[in-house]
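Below are the chains, spelled out letter by letter.
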Amino acid sequence: MAPHTEQLTRPAVQLRGLTRSFDGRTVLDGIDLDLPAGQFTALLGHSGSGKSTLLRAVAGLDHRVTGSGRLSAPERVSVVFQDSRLLPWRRVLDNVLLGLDGKDAERKGREALEEVGLKGRERAWPSELSGGEAQRAALARSLVREPELLLADEPFGALDALTRIKMHNLLRELWERHRPSVLLVTHDVDEAIVLADRVLERGRIGLDLTIDRDARARGEYRVRLLAALGVTEDVR
Amino acid sequence: MTTTTVTTAPPLAEPDPDLRVRRRRSLSPGKQVPAARLAGPALLVVLWAVASAAGALDPGAIPAPWTVVESGVHLWTDGTLTDDILTSLQRAGTGFVLGLAAGIALALASGLTRTGEALIDGTVNLNRAIPTLGLIPLFILWLGIGETFKIAIIAIVVYIPIYLNTHAALSGIDSRFVELAEVQGLNRIQFIRQIVIPGALPGFFVGLRLGVTGSWLGLVVLEQINATSGLGYMMFQAQNYGQTDVILVGLVVYGIFGLISDSTVRIIERRVLSWRRTLSS
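Predicted model, so just to flag it, every value in this text is computed and none were measured.

1. What to know about the overall build of chain B
Stage number 1. A tally of helices and strands in chain B yields 11 helices and zero strands.
Stage number 2. The linear arrangement of helices and strands in chain B, starting from the amino end, is α-α-α-α-α-α-α-α-α-α-α.
Stage number 3. Computed over the C-alpha atoms, the radius of gyration of chain B is 28 Å, more than 25% above the 19 Å expected from 2.2 N^0.38 for a compact globule of 281 residues.
Stage number 4. C-alpha extents for chain B along the principal axes are approximately 95 × 65 × 30 Å.
Stage number 5. The buried share of chain B, reckoned over its 281 residues, is 28%.

Structure (structure tokens):
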């Protein structure tokens, strides 16, 4: 794997003192965080720990949320949601091209679909796709905009275990080819370890773990992350 | 990880003769037979014909089916029926088009802007609470007893269901799609054209079908009250002269037009909403 330290010059995302609260309940409390450009970061936490709130803040989707703090994010940001969120009245290719115009938009859309393995399904309706295929189409939709930052909010949470493994490989492959910064929100420790180069735990960023992908220490990462989440496993 | 060994499964023994597939009793009504819906009406006509032939029906109250057909052919050839049909079609058509336009325009104004909603939605619901046919006396005084008031009443009958269903669909747009539009960087016009309107079409078609039926219902009533031509007028006259066969001809024509217009809307709906077919089939 190519080293990419030279890309880590300017952080893609910078958060300083980011605070968000809902109805007086503080969900994010003064978060400071830098995401280096081109890094694959996983944000791990319990449900309700504020990880989605953080992602939505970075995506600029928290219109009616009270909060403070400073935040800088790149111009081109794509989001992959837990549901594929394809418009049922648009064919797959037209879904990928949503919000995109220009002459070679269609060519780019077809290329993106080919990249995620959906060549030949351009004219299909979303209701004709399986869950995994729909999520592939959603990935193509986010890729076609050539994002500098890809935000993914539990994108594989609704998929079955086998499809999820395939999607992990696909996402990692796409990231290696296009090198956007990625912030993946998940509650799945194994998913975080398999995919990410760096794992942050909880909304308060309690643990910041760099994953050495060649190491065989995945078991150790797992134990440390689970411990940070307050989960102990019976060791047989 | 432990080592895995691959073994071939031993051959299965001969099946027990008592081994049977246990199937649950199916609760679905079974396969659909094409055109099966016509069986009921056809049976009714057959019963009617048999009863008339046997002399069990008073021909003054219920004339035989062939008498009705004969009167229909007679009225058609002497031109009165075609005139009446054309007049009725024109009324229903004009009222329907006006009601459709008003329903769509008001639903868009009220579904897409807060000001529009504040001004329009309550007013339309107030209008809905008043039985439209109850407005007939007032409209006759305002617009005179000519064509205008009839068309106005039909337009009102049509616009209400179209407005209500379209407005509900427009304002009920899935918030997840709103978020998607924001992420994809759509501007307001693109958002309305690519997400809000296509998403509201199914609701619009529900309103459209109700509106089409409504235009015929309104017509029947209007033409029996203050008309000098049209299908309703023809039936009203027939009532005065005791011509049951002519009344039945009128009813059959109304029925045919109602059926044709409803099927037309359904065909258009199926084409426009072709993405839905995969869900229902």
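2. Thoughts on the overall build of chain A
Stage number 1. Scanning chain A from terminus to terminus reveals seven helices and nine strands.
Stage number 2. Dimensions of chain A, computed from the C-alpha atoms along their principal axes, are close to 45 × 45 × 40 Å.
Stage number 3. Looking at chain A residue by residue over its 236 residues, the buried ones come to 38%.
Stage number 4. Pairs at least 24 residues apart make up 71% of the contacts formed inside chain A by residues separated by at least 6 positions.

3. What to know about the sheet that holds strand 8 (residues 198–201) of chain A
Paired through their backbone hydrogen bonds, the strands of a sheet run either parallel or antiparallel.
Residues and elements named next belong to chain A.
Stage number 1. Strands sit in the order 5-6-7-3-8-9 across an open sheet of six strands; the sheet is mixed. Taken across any chain shown, the strands that pair with only one partner, and hence form the sheet edges, are strand 5 (77–80) and strand 9 (207–210). When strand polarity is set aside, the average angle formed by the axes of neighbouring strands in this sheet is 15°.
Stage number 2. Two elements, strand 5 and strand 6 (residues 149–153), share four bridges in a ladder whose sense is parallel. For Val77, the partnering residue across the bridge sits in strand 6 and is Leu149.

4. Some thoughts on the packing of helix 4 (residues 114–129) of chain B against helix 6 (residues 147–171) of chain B
Residues and elements named next belong to chain B.
Stage number 1. Axis separation between helix 4 and helix 6 bottoms out at 11 Å; the angle between their running directions is 140°. Overall, the two elements helix 4 and helix 6 adopt an arrangement that is oblique. Considering only the axes of helix 4 and helix 6, their crossing is left-handed. Residues Asp121, Val124, Asn127 and Arg128 of helix 4 form the contact with helix 6, whose participating residues are Ile160, Tyr163 and His167.

5. Examining the environment of Leu100(A)
Stage number 1. Tracing the backbone shows Leu100(A) in the loop between helix 2 (92–96) and helix 3 (105–115).
Stage number 2. Taking the C-alpha atoms as reference points, Leu100(A) and Arg141(A), 41 residues apart in sequence, are found 9.7 Å from one another.

6. Focus: the domain arrangement of chain A
Interfaces are often described in size by the accessible area the parts lose on coming together.
Residue and element names in this part refer to chain A.
Stage number 1. Assigned domains within chain A: domain 1 (35–64 + 148–229) and domain 2 (86–146).
Stage number 2. In this structure, domain 1 and domain 2 have C-alpha centres spaced 24 Å apart.
Stage number 3. Taken together, the contact between domain 1 and domain 2 spans 11 residues of the former and eight residues of the latter.
Stage number 4. Top element by residues in the side of domain 1 that touches domain 2 is helix 5 (residues 161–178). It accounts for six residues.
Stage number 5. Tallied by class, the residues present in the side of domain 1 that touches domain 2 amount to eight nonpolar, two polar and one charged.

7. Describing the sheet that holds strand 1 (residues 11–22) of chain A
Residue and element names in this part refer to chain A.
Stage number 1. Taken together, the three strands give an open sheet; going across it, the order is 2-1-4, and neighbouring strands pair in antiparallel fashion. Across the chains shown, the open sheet's two edge strands, defined by having one partner strand only, are strand 2 (25–36) and strand 4 (66–72). Taken over all neighbouring pairs, the strand axes of this sheet differ in orientation by 0° on average, direction set aside.
Stage number 2. As defined by bridge partners, strand 1 adjoins strand 2 across eight bridges and the pair is classed as antiparallel.

8. Quick notes on the environment of Ile211(A)
Residue and element names in this part refer to chain A.
Stage number 1. Relative to the elements of secondary structure, Ile211 occurs in the loop between strand 9 and helix 7 (218–228).
Stage number 2. Counting along the chain gives 16 residues from Ile211 to Leu195, while the straight-line C-alpha distance between them is 9.4 Å.
Stage number 3. Beyond its immediate stretch of four places on either side in the chain, Ile211 contacts Ile193, Ala196, Asp197, Arg198, Val199 and Tyr221.

9. Some points on the interface of chain B and chain A
Stage number 1. Opposite the 16 residues of chain B that make contact, chain A presents 12 residues.
Stage number 2. Counting residues per element, the ones that place at least two in the side of chain B that touches chain A are helix 7 (175–183), helix 8 (188–225) and helix 11 (274–280) of chain B.
Stage number 3. Among the elements that make up the side of chain B that touches chain A, the one with the highest residue count is helix 7 of chain B (six residues).
Stage number 4. Split by residue class, the side of chain B that touches chain A holds eight nonpolar, five polar and three charged.

10. Section: the pairing of strand 8 of chain A
Residue and element names in this part refer to chain A.
Stage number 1. Alignment of strand 3 (residues 40–44) against strand 8, held across four bridges, turns out to be parallel. Considered in strand 8, the bridge of Ala42 is made with Val199.
Stage number 2. In this structure, strand 8 lies alongside strand 9, joined through four bridges in antiparallel fashion. Following the sheet pairing, Leu200 is matched in strand 9 by Asp208.

11. Looking at the nonpolar core
Stage number 1. Residues Ala140(A), Leu151(A), Leu184(A), Ala192(A) and Ile154(B) are the most contacted members of the largest nonpolar core, which totals 107 residues.
Stage number 2. The dominant element in this core, judged by the number of residues it contributes, is helix 6 of chain B, at 15 residues.
Stage number 3. Two domains each provide a minimum of three residues to this core, namely domain 1 (35–64 + 148–229) and domain 2 (86–146) of chain A.
Stage number 4. Excluding its chain neighbours within four sequence positions, the residues that come into contact with Leu151(A) are Leu55(A), Val58(A), Ala59(A), Val77(A), Val79(A) and Leu183(A).

12. What to know about helix 4 (residues 131–143) of chain A
All names here are of chain A.
Stage number 1. Across its 13 residues, helix 4 extends 18 Å between first and last C-alpha, which sits within 8% of the 18 Å expected from 1.5 Å per residue.
Stage number 2. Of all the 13 residues making up helix 4, 12 are buried; the element is thus mostly covered by neighbouring parts of the structure.
Stage number 3. Among the residues making up helix 4, those that are buried are Gly132, Glu133, Ala134, Gln135, Arg136, Ala137, Ala138, Leu139, Ala140, Arg141, Ser142 and Leu143.
Stage number 4. Buried residues along helix 4 sit in contact with strand 5, helix 2, helix 3, strand 6 and helix 5.

Calculation notes
- Residues numbered from 1 in each chain as written.
- Chains lettered and ligands numbered in written order.
- Predicted model: local features only at pLDDT ≥ 70, side-chain atom pairs only at ≥ 80, totals over all residues.
- Helix = DSSP H or I, 4+ residues; strand = E, 2+ residues; numbered from the N terminus.
- Rg over C-alpha atoms; globule rule 2.2 N^0.38 Å.
- Buried ≥ 20, exposed ≤ 12 C-beta atoms within 10 Å, placed from the backbone.
- Contact = placed C-beta atoms within 7 Å.
- Pairing = 2+ DSSP bridges.
- Axes fitted to C-alpha atoms, helices over the stretch in contact; angles between N-to-C directions.
- Parallel < 35°, antiparallel > 145°, perpendicular 65-115°, else oblique.
- Left-handed = near helix turned anticlockwise from the far one by under 90°.
- Domains from an automatic or database assignment.
- Nonpolar A, V, L, I, M, F, W, Y, C, P; charged D, E, K, R; others polar.
- Core = buried A, V, L, I, M, F, W, Y, C linked by C-beta atoms within 7 Å.
- Expected span 1.5 Å × (residues − 1).

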